[in-house]
Amino acid sequence: MKLERELLRKIEFFQKFNDDELDKLLSEESFFSFYQTDEFIIREGDSNNCCLFVLIGGEARVTKLDELGQAQEVGTLPQGAIFGEMSFITRQKRFSSVLAATDCTVLKVDPQALESMDSNIHILIQQELIRLLVLRLDQSNTRQARKDLVNQELVSSIRQMHKRLDGPGL
């Protein structure tokens, strides 16, 4: 268990957990799941699986169905990634699919199993989820602000070109 604990300790999400709390998490064998390459970890639209996942080993692909129902890759998840948090919190259907890009080992946190665990672990997971979601929201806002700036510069350039074309002598 010491090796697994050290592996979790390398993942930022678990850095505030003490050894006892990590050991309690790791004592639940049902928390570990293994997926082969190209196997679904999460399926878009699934409402029966509200677990939170931590990618312990391997790499995964995130896909989203387009308007024709074709899966489009929207990103990759490296070792240490946390995913599935939105359905874990809201208990709503999955918004995207996650497939194993390589053989993967995940720590799977079931909301019902979490309820039976020590309240400190429950609180730490909630705090880390809040931190993670705030970080992702900040990153999303930064990306949107950059897009807005590029759009403003594009509109300004188009206006300048339009003024030149409509200028005297034309």
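Above this text is the structure in question.
None of the values given here were measured: they were computed from a predicted structure.

Rules behind the numbers
Residues numbered from 1 in each chain as written. Predicted model: local features only at pLDDT ≥ 70, side-chain atom pairs only at ≥ 80, totals over all residues. Heavy atoms only, no water. Helix = DSSP H or I, 4+ residues; strand = E, 2+ residues; numbered from the N terminus. Rg over C-alpha atoms; globule rule 2.2 N^0.38 Å. Buried < 20%, exposed > 50% of the residue type's maximum accessible area, 1.4 Å probe, protein only. Contact = heavy atoms within 4.5 Å. Lys, Arg positive; Asp, Glu negative; His and termini not counted. Charge placed at Lys NZ, Arg CZ, Asp CG, Glu CD. Core = buried A, V, L, I, M, F, W, Y, C linked by side-chain atoms within 4.5 Å.

(A) Highlighting the overall build of the chain. Counting secondary structure elements, the chain contains five helices and eight strands. In the chain, the order of α-helices and β-strands from amino to carboxyl end is α-α-β-β-β-β-β-β-α-β-β-α-α. In summary, the chain has a C-alpha radius of gyration of 22 Å against a globular reference of 15 Å for 170 residues, an excess of more than 25%. Along the first, second and third principal axes, the C-alpha atoms of the chain reach 80 × 35 × 30 Å. Buried residues in the chain amount to 33% of all 170 residues. Counting contacts in the chain only where the partners sit at least 6 residues apart, residues at least 24 apart contribute 70% of the total. Measuring between centres, the 21 positive side-chain charges of the chain sit 6 Å from its 27 negative side-chain charges.

(B) Unusual backbone geometry, seen in detail. Notably, aspartate 38 is not glycine yet its phi reads approximately 75 degrees, a positive angle. Taking the relative accessible area as the measure of exposure, aspartate 38 reaches 49% and is therefore partly exposed. Backbone geometry at arginine 91 places phi at a positive 60 degrees, although glycine is not the residue there. When you line up the elements, arginine 91 lands in the loop between α3 (85-90) and β7 (97-100).

(C) The nonpolar core, seen in detail. Residues Phe14 and Ile125 are the most contacted members of the largest nonpolar core, which totals 23 residues. When residues of this core are assigned to their parent elements, the largest contribution, five residues, is made by helix α5 (residues 119-165). Contact partners of phenylalanine 14, with chain neighbours within four places excluded, come to Leu8, Arg9, Leu22, Leu25, Val54 and Leu107. In this structure, Ile41, Cys51, Leu55 and Ala81 belong to the second largest nonpolar core, which totals 15 residues.

(D) A look at the side chain of arginine 5. Mapped onto the secondary structure, arginine 5 falls in helix α1 (residues 2-9). For arginine 5, a relative accessible area of 14% translates into the label buried. For arginine 5, the contacting residues outside a window of four places in its chain are Asp19, Leu22, Asp23 and Leu26.

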